[in-house]
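In case you want the letters, here they are:
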Amino acid sequence: MSLAMPAVGAMGAVAANATISPLHLFLQADIVVKGVMVGLLLASIWTWAMIIGFSFTLRRASKQSNAFESDFWKAEDIDRFYEARGKAEFPAAKVMAAGVSEWRRSTAQKVIDRDGTRDRLHTAMNSTIAAEVDRLSDRLNILATIGSVAPFVGLFGTVWGIMRAFTAIAAEQQSSLAVVAPGIAEALFATAIGLFAAIPAVIAYNRFSHGINRLETRLSRFADGFYSTLSRELETQR
């Protein structure tokens, strides 16, 4: 009975030592692994800042464009509606502004080239849609980069930590768990931070790309409808 008590105490000590906090893992890590961890934490913070900011930007652009389109199709006078709301700084308003500007330039001539006017209207509005989509998706490549690179950076920290653990084995001339556990724990912690940065970035990139594609489709439908309206109006021009 007396022999069992030290074993229980030893097991308790091992269990206590095995409880390592993330802060302890960071402080005990090699300088290279610390650099990897800090870089991945900064990437994670940057990812979440972009996710929050881009969510508001995309939601606001979609909401403003939907309201603008709804009011536009209810308007009886396009010129009056354009003067009142056509100079707003959101995608649908810019598409309309491009169409109206090209319409006014093309119909100001004494002789109106109907086919040329239609081509220019189509080009002007489609170019504006492409420019707005590029503007909204300008920083999405950062999320894609973090999502694809962060796991490999974490893996580099893992490999370095395991190499350090084996170096500790060689230095101590023993292969007990107490010798290799800290280095392996640090290595696995670097991998976990890499995944923590990469997974939200990949999910957000896919979600935002889908939202931008939906907005582009909506703007294209609006441009097509406006183009049809201007094309019919063009038939009445002499």
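Residues numbered from 1 in each chain as written. Predicted model: local features only at pLDDT ≥ 70, side-chain atom pairs only at ≥ 80, totals over all residues. Heavy atoms only, no water.

### Here's the deal with helix H6 (residues 114–136)
Turning to step 1, where the next piece is worked out: Taking 1.5 Å per residue as the helical rise, H6 with its 23 residues ought to reach 33 Å, and the 33 Å between its terminal C-alpha atoms agrees with that figure.
Turning to step 2, where the next piece is worked out: Inspection of H6 places Gly116, Thr117, Arg118, Leu121, Ala124, Met125, Thr128, Ile129, Glu132, Val133 and Leu136 among the buried residues, and these make up the whole buried set. (Helix = DSSP H or I, 4+ residues; strand = E, 2+ residues; numbered from the N terminus. Expected span 1.5 Å × (residues − 1). Buried < 20%, exposed > 50% of the residue type's maximum accessible area, 1.4 Å probe, protein only.)

### Side note on the packing of helix H3 (residues 31–74) against helix H4 (residues 78–85)
Turning to step 1, where the next piece is worked out: It is at 10 Å that the axes of H3 and H4 come closest, and there the two elements cross at 150°. Looking at the two axes, H3 sits roughly antiparallel to H4. Classified by chirality, the crossing of H4 by H3 is right-handed. Taking contact as the criterion, the partners of Ala67, Phe68, Asp71 and Phe72 in H3 are, on H4, Ile78, Phe81 and Arg85.
Turning to step 2, where the next piece is worked out: Grouping the constituent residues of the contact of H3 with H4 by class yields 5 nonpolar, no polar and 2 charged. (Axes fitted to C-alpha atoms, helices over the stretch in contact; angles between N-to-C directions. Parallel < 35°, antiparallel > 145°, perpendicular 65-115°, else oblique. Left-handed = near helix turned anticlockwise from the far one by under 90°. Contact = heavy atoms within 4.5 Å. Nonpolar A, V, L, I, M, F, W, Y, C, P; charged D, E, K, R; others polar.)

### Things to note about the nonpolar core
A general tendency of soluble globular proteins is for nonpolar side chains to be buried together.
Turning to step 1, where the next piece is worked out: Formed by 48 residues in total, the largest nonpolar core has its most connected members in Phe68, Val95, Met96, Leu143, Phe208, Ile212 and Phe226.
Turning to step 2, where the next piece is worked out: Among the elements of the structure, H3, H4, helix H5 (91–107), H6, helix H7 (140–172) and helix H8 (177–235) are those that each provide at least two residues to this core.
Turning to step 3, where the next piece is worked out: Counting residues per element, this core draws most heavily on H8, which supplies 15 residues.
Turning to step 4, where the next piece is worked out: If we ignore the near neighbours within four places in the chain, the residues touching Met96 are Phe68, Phe72, Ile78, Phe81, Tyr82, Phe222 and Phe226. (Core = buried A, V, L, I, M, F, W, Y, C linked by side-chain atoms within 4.5 Å.)

### Side note on the UniProt feature "transmembrane region" (unreviewed entry) in the protein
Turning to step 1, where the next piece is worked out: Sites flagged by UniProt as "transmembrane region" (unreviewed entry) map to residues 31–56, 142–163 and 183–205.
Turning to step 2, where the next piece is worked out: Annotated as 100% helix and 0% strand, the span residues 31–56 places its first and last C-alpha atoms 38 Å apart.
Turning to step 3, where the next piece is worked out: Along residues 142–163 the backbone is 100% helical and 0% strand, and the end-to-end C-alpha distance reaches 31 Å. (UniProt positions renumbered as here; feature names shortened; annotations may be inferred.)

### Some details on the confidence of the model for the protein
Turning to step 1, where the next piece is worked out: Looking at the protein as a whole, the pLDDT averages 82, with 83% of positions reaching at least 70.
Turning to step 2, where the next piece is worked out: Mean pLDDT across the secondary structure elements of the protein bottoms out at helix H1 (residues 4–18), with 41, and peaks at H6, with 92.
Turning to step 3, where the next piece is worked out: Long-range and interchain partners of residues 1–18, a stretch whose pLDDT sits below 50, account for 0 contacts in this model, where long-range means more than four residues apart. (pLDDT = per-residue confidence, 0-100.)

### Description of the packing of aromatic side chains
Describing an aromatic ring pair means giving the distance of the ring centres and the angle of the ring planes.
Turning to step 1, where the next piece is worked out: Tallying each qualifying case throughout the model produces 11 aromatic pairs.
Turning to step 2, where the next piece is worked out: Ring geometry for Phe68 and Phe90: centres 5.5 Å apart, planes at 75°, overall edge-to-face. Residue Phe68 is located in helix H3, and its partner Phe90 is located in the loop between H4 and H5; the two are separated by 22 residues in the primary sequence. Here Phe68 and Phe90 have matching classes, each one buried.
Turning to step 3, where the next piece is worked out: Arranged with centres 6.2 Å apart and planes meeting at 40°, the rings of Phe156 and Trp160 form a pair that is tilted. Note that Phe156 and Trp160 are positioned in helix H7 at a spacing of 4 residues, about one turn of the helix.
Turning to step 4, where the next piece is worked out: The class for Trp160 is partly exposed, based on a relative accessible area of 32%.
Turning to step 5, where the next piece is worked out: Among the aromatic residues, those joined into a ring-pair cluster are Phe68, Phe72, Trp73, Phe81, Phe90, Phe222 and Phe226. (Phe/Tyr/Trp six-rings, centres within 6.5 Å; stacked < 30°, edge-to-face > 60°.)

### Describing the side chain of Thr117
Turning to step 1, where the next piece is worked out: Its location among the elements puts Thr117 in helix H6.
Turning to step 2, where the next piece is worked out: From its side chain, Thr117 meets the backbone oxygen of Asp113 in a polar contact 2.7 Å long.
Turning to step 3, where the next piece is worked out: Once residues lying within four places of it in the same chain are set aside, the contact partners of Thr117 are Ser106, Ile112 and Leu234. (Polar contact = N/O pair within 3.5 Å; in protein donor to acceptor, adjacent residues only side chain to side chain.)

### Concerning the side chain of Ser106
Turning to step 1, where the next piece is worked out: Following the sequence through the fold, Ser106 ends up in helix H5.
Turning to step 2, where the next piece is worked out: Polar contacts involving the side chain of Ser106 include one to the side chain of Glu102, which spans 2.8 Å.
Turning to step 3, where the next piece is worked out: In this structure Ser106 touches Ile112, Thr117 and Arg120, once residues within four positions along its chain are discounted.

### Side note on the environment of Phe90
Turning to step 1, where the next piece is worked out: Among the residues examined, Phe90 registers a relative accessible area of 11% and is labelled buried.
Turning to step 2, where the next piece is worked out: Separated by 28 residues in sequence, Phe90 and Ser62 have C-alpha atoms that sit 8.9 Å apart.
Turning to step 3, where the next piece is worked out: Apart from the residues lying within four places of it in its own chain, the contact partners of Phe90 are Gln64, Ser65, Phe68 and Glu132.

### With respect to a nonpolar patch on the surface
Turning to step 1, where the next piece is worked out: Taken together, the side chains of Phe152, Leu155, Phe156, Val159, Trp160 and Met163 define a hydrophobic patch exposed on the protein surface, amounting to about 610 Å² of accessible area.
Turning to step 2, where the next piece is worked out: For Phe156, a relative accessible area of 44% puts it in the partly exposed group. (Patch = residues over 30% accessible without salt bridge, like charges linked within 9 Å, V, L, I, M, F, W, Y side chains within 5 Å. Areas by Shrake-Rupley, 256 points an atom, 1.4 Å probe, with all protein chains shown as cover. Salt bridge = Lys/Arg side-chain N within 4 Å of Asp/Glu carboxyl O.)

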